[in-house]
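Results of the structural survey
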Amino acid sequence: MRLTTLNIHQFRCLDDVHLDLHPRVNIITGENGAGKTSVLEAVYFLARAKSFRNSQADKLIQRDADLLRVTGESDSGDRWGIERTQGQTRLRKNGDKGDGMEDRVRSFPVVAIDPGLHRLIEEGPTHRRAFLDWGVFHVEHAFYPCWRRYRKALDQRNKTIRTGEQGIENWESEL
């Protein structure tokens, strides 16, 4: 799937932007601070419901604005949207509420090649695993529900170990 249109409203320094995207190549140019990276970040936010630059989604909302909105239409005719107010993110697909992240990330195979990519090498296995997990999901879609169950069981197992509670064998069998 590819985006054919992109609309950005009150996202970082971008007030109201509408782009009709070319099916092959799109080149974004402009002066420093004009918002080129913010356009790329908005596409990533539409696809992943998070930023590749900042872990605090509320900071993506333009100053003195109540919300941000990013929408796009795909070549398949689907309309995707994400809206963020302080503390709440709402996802939309074709105007309906609550499309799951699984459907969204399956439709938008987006990877950010950013200055933080060096962390794959420098900061240990956590970043490498996350990067590889993301790649595997796009090759084998059945991986995502299994990965979510695994992450939940691992988190519960680790919590059980930290708190000294009984029942670790339940989480071990799930893992």
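Residues numbered from 1 in each chain as written. Predicted model: local features only at pLDDT ≥ 70, side-chain atom pairs only at ≥ 80, totals over all residues. Heavy atoms only, no water.

Here we take up the packing of aromatic side chains. Each aromatic ring pair is characterised by the separation of its centres together with the angle its planes make. Overall, the coordinates contain two aromatic pairs when judged by the stated rule. On the numbers, 5.9 Å between centres and 50 degrees between planes, the contact of Phe 11 with Phe 45 is tilted. One end of the pair, Phe 11, is in strand S1 (residues 3-11); the other, Phe 45, is in helix H1 (residues 36-48), and 34 residues separate them in sequence. Judged by its relative accessible area of 0%, Phe 11 is buried. (Phe/Tyr/Trp six-rings, centres within 6.5 Å; stacked < 30°, edge-to-face > 60°. Helix = DSSP H or I, 4+ residues; strand = E, 2+ residues; numbered from the N terminus. Buried < 20%, exposed > 50% of the residue type's maximum accessible area, 1.4 Å probe, protein only.)

Once that is clear, we can look at the sheet that holds strand S2 (residues 14-20). Strand order in the open sheet formed by six strands is S2-S1-S3-S4-S5-S6, with antiparallel pairing between adjacent strands. Single-partner strands in this sheet number two, and they are S2 and strand S6 (96-97). As paired strands, strand S4 (residues 79-85) and strand S5 (residues 88-93) are joined by six bridges and run antiparallel to one another. Of the residues in S5, the one forming a bridge with Glu 83 is Arg 90. (Pairing = 2+ DSSP bridges.)

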